[in-house]
Amino acid sequence: MPSRPAPESPETFLAICEDILQTLPSAMRDAASRVAIMVHDFAQPDILADFGMTDPYELTGLYMGVAMIHESVTHPSPDAPMIFLYRLPIIAEWQERGDVPLDALVAHVFIHELAHHFGWSDEEIDAILDDA
């Protein structure tokens, strides 16, 4: 019998994201299908430095790309959009909090980063998540 990946494995993180994508309305799902999802243990030091961070546990996710609201037919983005999930900081937050399932926390970080792809600001995302 094949073994299942550990709940903290990169494969599990990706599977959670794929499950979320399937629940999106079709127009959003189509737009989100262009986004590559990467799971890394930590953000690279230069990424942390760009945000003025020194502790690699501070950053749980990152969207890199041009938000859809800024793309156009005449000015397409040269690079594919990407979402990075930083596995060890997410796991550390999950363990520290102890009040939320790991898959819910992974989903929260993923949805937050995906919202940046759609052009929403951190403030708009926080307001939406607070209302939910």
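The coordinates are above.
Residues numbered from 1 in each chain as written. Predicted model: local features only at pLDDT ≥ 70, side-chain atom pairs only at ≥ 80, totals over all residues. Heavy atoms only, no water.

### Structural notes on helix α4 (residues 87-97)
The condition that has to hold: Working definition: with a 1.4 Å probe on protein chains only, accessible area under 20% of the residue-type maximum means buried, over 50% means exposed, and in between means partly exposed. A helix here means a DSSP run of H or I that spans at least four residues, while a strand means a run of E at least two residues long, and both kinds are numbered starting from the N terminus. Contacts are assigned to residue pairs with any non-hydrogen atoms lying within 4.5 Å of each other.
Within the span of α4, buried status applies to Arg-87, Pro-89, Ile-90 and Ile-91. At its buried positions, α4 is contacted by α1 (10-23), β1 (36-40), β3 (82-86) and α5 (102-117). Looking at the residues trailing α4, positive phi occurs at Gly-98, about 65°.

### Observations regarding the side chain of Glu-113
Here is the rule we go by: Neither His nor the chain ends contribute to the count of charged residues, in which Lys and Arg are positive and Asp and Glu negative. When a carboxyl oxygen of Asp or Glu lies within 4 Å of a side-chain nitrogen of Lys or Arg, that pair is called a salt bridge. In the analysis that follows, any N or O atom pair within 3.5 Å is treated as a polar contact, provided that within protein one partner can donate a hydrogen and the other can accept it, and provided that, for residues neighboring in sequence, both atoms belong to side chains.
Here Glu-113 is to be found in helix α5. The side chain of Glu-113 is buried and forms no salt bridge, while Arg-97, the nearest opposite charge, is found at 13 Å. There is a polar contact of 3.0 Å between the side chain of Glu-113 and the backbone nitrogen of Tyr-63. Setting aside chain neighbours within four positions, we find Glu-113 in contact with Gly-61, Leu-62, Tyr-63 and Ile-83.

### Regarding α1
Where we set the bar: By this rule, a helix spans an expected 1.5 Å times one less than how many residues it contains.
For α1, which comprises 14 residues, the first-to-last C-alpha distance of 21 Å matches the rise-based estimate of 20 Å (1.5 Å per residue) to within 8%. Among all positions of α1, only Thr-12, Phe-13, Ile-16, Cys-17, Ile-20 and Leu-21 are buried. Structurally, α1 contributes buried residues whose contacts are with α2 (26-32), β1, β3, α4 and α5.

### A look at a negative patch on the surface
Here is the rule we go by: Note on patches: the residues involved have over 30% relative accessible area and no salt bridge, like charges join within 9 Å, and the nonpolar side chains Val, Leu, Ile, Met, Phe, Trp and Tyr join within 5 Å. Surface exposure here means Shrake-Rupley accessible area, sampled with a 1.4 Å probe, where a residue is shielded only by the protein chains that are shown. Charge coordinates come from a single atom per side chain, which is NZ of Lys, CZ of Arg, CG of Asp or CD of Glu.
Side chains of Asp-122, Glu-123, Glu-124 and Asp-126 sit close together on the surface and give a patch of like negative charge. Inspection of the secondary structure puts Asp-122 in helix α6 (residues 122-131).

### A few points about the pattern of salt bridges
Taken as a whole, this structure holds three salt bridges when the rule is applied. Its salt-bridge partner being Asp-41, residue Arg-87 comes within 2.9 Å of it at the nearest N-O pair. Taken as a pair, Arg-87 in helix α4 and Asp-41 in the loop between β1 and α3 (45-50) lie far apart in primary sequence, 46 residues in all. Residue classification places Arg-87 among the buried residues on the basis of a relative accessible area of 15%. A salt bridge links Glu-93 to Arg-97, with the shortest nitrogen-to-oxygen separation between them at 3.4 Å. One end of the pair, Glu-93, and the other, Arg-97, are both in helix α4, four residues apart, so they sit about a helical turn from each other. Assessed through its relative accessible area of 29%, Glu-93 is described here as partly exposed. What emerges from the salt-bridge pattern is a single network uniting Glu-93, Arg-97 and Asp-99.

None of the figures reported here should be taken as evidence of function without further support.
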